[in-house]
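Observations on the three-dimensional arrangement
Residues per chain, in single letters:
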Amino acid sequence: MTAAIVGTSGAVGQEFLRVLEERNFPADGLILFGSQRSAGRVYSFRGKQYEVRELKHGDDFRGVDVAFVSAGGSVSLEYAETITKHGAVMIDNSSAFRMDDDVPLVVPEVNPDDALNRPRGIIANPNCSTIQMVVALNVIEKISHIKRVYVSTYQASSGAGARAMAELISQYEQLLKGEQPTVEKFAYQLAYNLIPHIDVFTENGYTKEEMKMYHETRKIMHSDIAVSATCVRVPVLRSHSEATWVETERPVSVEEVRQAFAQAEGIVLQDNPAQKDYPMPLFVAGKDPVYVGRIRKDLTNPNGLTFWTVSDQIKKGAALNAVQIAEYLVKVGDLK
């Protein structure tokens, strides 16, 4: 099997290289693609050196079985046909195809079988904040149907890319020197600050990021679940955190949910507040699972629960989720 990475030099592209190697993904060949600017760069994978090719239209994807794409929505839209025309499965990390009816939107812990029906040869990777939320929600949904979700996210700078991480570090350095901080990737200075604004605002007052969590959750879970989100950028390098309130059809006990989380795939239960033991982004960065803690009853609703999740959004929220999709296809014999 031959795999390709499109957008190799970006934060997610680099994470693809690490995850594929960590998980010993069964690819005999690897082809790296990037922009004209990154073409010619060399990266190491399993002890071998691979040079980045410039992404162009043509037959470069002939012989590729699976392509992990993270180069932005405009690139995905332009090159989807080029990538898939010889039979490659395109697992796309952008928002370009997520809500298309003929493109499955997949989180392997929740709806892996959806990946088998891909008429265009494309599988969409959900938004990072949606991924970690639905991994947790799916556990509760199996106990009692979830009617409503209220969520506030605390999203790391790296959600905006490698340059955004560098900008946050630079801002702290500049401020400590008494200099004016550089502000390019965000609407305002992020260092020592919070910004309640991720993506552009829509007519209803919610941002596109917040609306993604509404629409994507319903598609992934095949549910009428309603999600109201507030997404906030915080001065953290890696790993998103989310405070989530759910309303279920029947009352669900904390003990029942805690036990279900402890046994769930892709989740680590870290819920011992008496010992100050709860998930935090500082300690989750670079790890695979979604960490869950602070589980408690909602004081305002007898059918309500609230909990806290943290997950590395570059890893599980992007590269790892995509690789797990491919691993599932290999497991069921749909990708060889």
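Structure first, text after, so check above.
Quick summary incoming for the structure in this document. Bear in mind that the values here come from a model prediction, so they are computed numbers and not experimental data. (Residues numbered from 1 in each chain as written. Predicted model: local features only at pLDDT ≥ 70, side-chain atom pairs only at ≥ 80, totals over all residues. Heavy atoms only, no water.)

Before going further, it helps to spend a moment on the sheet that holds strand β9 (residues 146-155). Ordered in space as β10-β9-β11-β14-β13-β12, the six strands form an open sheet in which the pairing is mixed. A single partner strand is all that each edge strand has here, and the edge strands are β10 (226-233) and β12 (267-269). Taking each pair of neighbouring strands and ignoring which way they run, the sheet shows an average axis angle of 20°. Bridge count for strand β11 (residues 240-248) against strand β14 (residues 304-311) is eight bridges, and the pairing is antiparallel. Across the sheet, residue Glu242 finds its bridge partner in β14, namely Thr309. (Pairing = 2+ DSSP bridges. Helix = DSSP H or I, 4+ residues; strand = E, 2+ residues; numbered from the N terminus. Axes fitted to C-alpha atoms, helices over the stretch in contact; angles between N-to-C directions.)

Attention now moves to the nonpolar core. Ranked by internal contacts, the top residues of the largest apolar core, which has 53 residues, are Phe61, Leu137, Val149 and Phe261. With eight residues, helix α3 (residues 128-141) is the single largest residue contributor to this core. Look past the residues within four positions of Phe261 in its chain and what remains in contact with it is Ala136, Val139, Ile140, Ile267, Leu269, Val292 and Ile295. Counting 33 residues, the second-largest nonpolar core is a separate cluster that includes Ile5, Ala115, Leu320 and Ala322. (Core = buried A, V, L, I, M, F, W, Y, C linked by side-chain atoms within 4.5 Å. Buried < 20%, exposed > 50% of the residue type's maximum accessible area, 1.4 Å probe, protein only. Contact = heavy atoms within 4.5 Å.)

Remember that side chains alternate between the two faces of the sheet whenever the strand is regular. Judged from the eight bridges that link them, β9 and β11 form a sheet pairing that is antiparallel. Of the residues in β11, the one forming a bridge with Arg148 is Glu247.

With respect to the helices and strands, Asn111 occurs in the loop between β7 (89-92) and β8 (122-124). Side-chain polar atoms of Asn111 contact the backbone oxygen of Leu105, separated by 2.8 Å. A polar side-chain atom of Asn111 sits 2.8 Å from the main-chain amide nitrogen of Val107. Apart from residues lying up to four places away in sequence, Asn111 is in contact with Leu105, Val106 and Ile220. (Polar contact = N/O pair within 3.5 Å; in protein donor to acceptor, adjacent residues only side chain to side chain.)

Here we come to the packing of α3 against helix α5 (residues 208-221). Between two packed helices, both the angle of their axes relative to each other and the distance between the axes serve to describe the pair. In the contact formed by α3 and α5, the axes pass within 10 Å of each other and the chain directions differ by 40°. Judged by the angle between their axes, α3 and α5 are oblique. The crossing of α3 and α5 is right-handed. Contacts from Ser129, Thr130, Met133, Val134, Leu137, Asn138 and Glu141 of α3 reach α5 at Glu209, Lys212, Met213, Glu216, Thr217, Ile220 and Met221. Its residues assigned to classes, the contact of α3 with α5 shows six nonpolar, four polar and four charged. (Parallel < 35°, antiparallel > 145°, perpendicular 65-115°, else oblique. Left-handed = near helix turned anticlockwise from the far one by under 90°. Nonpolar A, V, L, I, M, F, W, Y, C, P; charged D, E, K, R; others polar.)

A few words now on a positive patch on the surface. Together, Arg37, Arg41, Arg163 and Lys185 give the surface a local cluster of positive charge. If you trace the backbone, Arg163 turns up in helix α4 (residues 162-176). Classification of Arg163 as exposed rests on a relative accessible area of 63%. (Patch = residues over 30% accessible without salt bridge, like charges linked within 9 Å, V, L, I, M, F, W, Y side chains within 5 Å. Areas by Shrake-Rupley, 256 points an atom, 1.4 Å probe, with all protein chains shown as cover. Salt bridge = Lys/Arg side-chain N within 4 Å of Asp/Glu carboxyl O. Lys, Arg positive; Asp, Glu negative; His and termini not counted. Charge placed at Lys NZ, Arg CZ, Asp CG, Glu CD.)

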